[in-house]
Structure formats: C-alpha cells, structure tokens
Amino acid sequence: MVPDHPPGRARFPLQRPGTLYLAEGGQETEVMYRHGHELPEFAMFALLDDAAARQDIEAMYRAYLDVAAAHGFVPLMGGLDYRASPDWAGKLGYSAAALEDVQLGCIELLREVARPYAGQVPDVLFAGIVGPRGDAYELNHTITADEAEEYHAVQIASLAQAEVDLVETMTFNNVPEAVGVARAAARAGLPSAVLFTLDETSRLASGPSLREAIEAVDAQTGEDRPDFYGVNCSHPLEFLPALEPGDWTDRIRLLRPNAASMDKVSLCRLGHLEEGDPRELGLMLADLARRFPHIDIWGGCCGTWDTHLDEIAREVRAVRDAPQAPAGVSD
C-alpha cells in the first residue's frame, strides 16, 4: 500500500463507504456529433464565446448532474479545459493572459451550472483537466519529466487560482510526462490523478503495461506522487486484461471508458456519435465494481453521454448498495 500524502498538501478525499463520484462523459464527441459544433484543435474552451454552443454545453452538464442526483453520486465536474495549455491554445491564437482568463472561465462555468443542484447531490467537486502536450495517440517519446513539469505548470497555476479540487491528467501514454504533471501539481499544492490510455494490446502506446507505468510514476515522484490513478479513452475490452492481480491496483480509483471498442482516432473522426451499447457498458463496469470495491470514481470518455452515465451509475450503485455476504459465505 502507498502511504498517505504528507501533511500540508491538499489532497483528494479518501474513499468513504457509500460515497461514489461521477465524472462527466465524452463532452467533446457529444458537442461535435450530437450538437453539431466545430471543435478547433479538439478544444472545448474555444466554444465558450459562442452563445449557441455555450447553451448546448450547459445543457449537457445539467443532464450529467441530473444523473448524479438521481443515483446519489458526488459530481466531479471537469471537461472544458483539456486543451487549455500553451501549445494548443497558441494554435488558436490565445495569448498567455487570454489563456489564463479562459481557464478561469472554464471552472466558473462549471460552478455556475452546478449551483442549482445544491441539496440535490451530496456534494460537488471540481477538476481541472490537463491533456498531454502532444497528440494523445502519438508516442510523445521526446518529452522529459522536467520539460513536462515546466510546461504543465502554466495551466496548473491557473487551476490553483481557480481553487479546483483535483488536477485530472487525462489520456497520457508515457511515464515522463505523467511524472512532470504530478510534480507540477504538487508544487502548486493541488491533488492530482493520472489517467493513462491503453491501446488494443492493453498497454500504453509507449510500451509499458498499466502496472509498470503506475509503479514507475510512483517511484519517480516520491512524496509528489499522484493521489490516485485511472484509465480513460479505452474500452473495457482494452483495459480489462491490464488489471493483473496485485496490491498495485489499489492505486486505481477512476475509470472513464469509451463507449465503443473502436480505434480511438476513428472515434473522434467518424462524423457521428458511436455510442456502442450503453446497457452493456454499464454492466461491464458493474462487474468491475464487484471486483475492485475500492474504485469509487466513474465516468465516460469518447462516445459517452448522459445515457451511458445513467447506466453506469445505476449499475455501480446497485453493486455498492447490495448486502454483503458474511465472511466465509459464498453462493
């Protein structure tokens, strides 16, 4: 088991019996293919000045919050700022000052949408989403941990100003960049989670297994290690084989699967929403909830929306609320 973070650093809440968290679904694919908005450089924040797009985005989050309320989950809200880092924002013409403003605006929009749900959900937490410096589906072999720490510290400084509850690092496929983000979050005093994406071989595209990647990041970050890990932008059929037995799986708290077991790049370029089978996805995650009772944060990625989240939340809640058999008693 990995010991708790040292005193003095903000941390994400530890697991508590009965408490489950719900992250958002695949907001980018939904806003493109259900609502028909262009997404330059896959950047959600670029739509916030478009009144029609903003209205659709707010409606998407309300539908997600309705699911959380219906099943008693704590919303862990994020999803607008995956591309809100200097290189990607620079491609869209944002200055450093404009990027800081838009990052703060992303978190404020989430707070605004969540306010009417006070009393309907147990609590609301907010995550800043940090994506890789390069393309998530390329190897990005050349970035070092030091370079990653310096680069991602820009966005993380804005997230600290916005007082988020978590730096959620998503769709990473190499160890050095994950190490750098974890260090940058720790320097900013923020809790962090690293979510890796796996390919059809059930490994990171850069080579390591999920276990190897998690153990390597923990070893290289020490007291700056992430609060926990997760998997996103992979279908359960891709990541299930990676969940090999061992205490290392205790470090995994968050699963955000794709809707369909299809090549990831294709999912983002289909021209329509490939929603897979939401019911089947919910049942697959329910089985994981049985196998890994410590996993308490659930959500979706490409191709998922509130329909998928409703199935996932319902099935996971049923597993968690089911009476437990006494020790030594089996079916």
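The paragraphs below set out a description of the structure included in this document. (Residues numbered from 1 in each chain as written. Predicted model: local features only at pLDDT ≥ 70, side-chain atom pairs only at ≥ 80, totals over all residues. Heavy atoms only, no water.)

Focus on the overall build of the chain
Step number 1: The number of helices and strands found in the chain is 11 helices and 8 strands.
Step number 2: At 18 Å, the chain has a C-alpha radius of gyration in line with the 20 Å of a compact globule built from 331 residues.
Step number 3: Oriented by its inertia axes, the alpha-carbon framework of the chain measures out at about 60 × 40 × 40 Å.
Step number 4: By residue count, 57% of the 331 residues in the chain fall in the buried class.
Step number 5: Partitioning the intrachain contacts of the chain with sequence separation of at least 6 by distance along the chain shows that 79% fall at a separation of at least 24.
Step number 6: Entry remark: accessible area of the chain is about 13,200 Å², with carbon and sulfur atoms responsible for 50%.
Step number 7: Looking at charge distribution, the chain has the averaged site of its 27 positive side-chain charges lying 4 Å from that of its 53 negative ones. (Helix = DSSP H or I, 4+ residues; strand = E, 2+ residues; numbered from the N terminus. Rg over C-alpha atoms; globule rule 2.2 N^0.38 Å. Buried < 20%, exposed > 50% of the residue type's maximum accessible area, 1.4 Å probe, protein only. Contact = heavy atoms within 4.5 Å. Areas by Shrake-Rupley, 256 points an atom, 1.4 Å probe, with all protein chains shown as cover. Lys, Arg positive; Asp, Glu negative; His and termini not counted. Charge placed at Lys NZ, Arg CZ, Asp CG, Glu CD.)

Re the packing of helix α10 (residues 278-291) against helix α11 (residues 306-321)
Step number 1: Here α10 crosses α11 at 30 degrees, and the two axes come no closer than 8 Å. Here α10 is positioned roughly parallel relative to α11, judged by the angle of their axes. Note on packing geometry: the crossing formed by α10 with α11 is right-handed. Taken together, the residues of α11 that come into contact with α10 (itself represented by Pro278, Arg279, Leu281, Gly282, Leu283, Leu285, Ala286, Ala289 and Arg290) are Thr307, His308, Glu311, Ile312, Glu315, Val316, Val319 and Arg320.
Step number 2: Broken down by class, the residue content of the contact of α10 with α11 amounts to 9 nonpolar, 3 polar and 5 charged. (Axes fitted to C-alpha atoms, helices over the stretch in contact; angles between N-to-C directions. Parallel < 35°, antiparallel > 145°, perpendicular 65-115°, else oblique. Left-handed = near helix turned anticlockwise from the far one by under 90°. Nonpolar A, V, L, I, M, F, W, Y, C, P; charged D, E, K, R; others polar.)

Considerations on the pattern of salt bridges
Opposite charge on two side chains permits pairing when their charged atoms draw close.
Step number 1: Inspection of every chain in the model, using the stated rule, returns 21 salt bridges.
Step number 2: Close ionic contact of Arg115 with Glu108 constitutes a salt bridge, the shortest N to O distance being 3.1 Å.
Step number 3: Classification of Glu108 as partly exposed rests on a relative accessible area of 31%.
Step number 4: With a closest N to O distance of 3.4 Å, Glu244 and Arg211 form a salt bridge. Of this pair, Glu244 sits in the loop between α8 (236-239) and β7 (252-256) while Arg211 sits in helix α7 (residues 210-221), and the two are 33 residues apart along the sequence.
Step number 5: Each of Arg279, Asp310, Glu311, Arg314 and Glu315 takes part in one network of salt bridges that share partners. (Salt bridge = Lys/Arg side-chain N within 4 Å of Asp/Glu carboxyl O.)

Some remarks on the packing of aromatic side chains
Step number 1: Taken as a whole and judged by the stated rule, the model has 5 aromatic pairs.
Step number 2: Ring centres of Phe45 and Tyr94 lie 5.2 Å apart, and the angle between their planes is 80 degrees; on these two criteria the pair is classed as edge-to-face. One end of the pair, Phe45, is in the loop between α1 (27-33) and α2 (51-71); the other, Tyr94, is in the loop between α3 (86-91) and α4 (96-114), with 49 residues separating them in the sequence.
Step number 3: Judged by relative accessible area, which is 1%, Phe45 ranks as buried.
Step number 4: We classify Tyr94 as partly exposed; its relative accessible area is 24%. (Phe/Tyr/Trp six-rings, centres within 6.5 Å; stacked < 30°, edge-to-face > 60°.)

A short note on the sheet that holds strand β8 (residues 297-298)
Step number 1: Spatially, β1-β2-β3-β4-β5-β6-β7-β8 is the arrangement adopted by the 8 strands of the closed barrel, whose pairing is parallel.
Step number 2: When strand β5 (residues 192-196) meets strand β6 (residues 228-232), the two strands line up parallel, connected through 4 bridges. By the bridge assignment, Val194 is partnered in β6 with Tyr229. (Pairing = 2+ DSSP bridges.)

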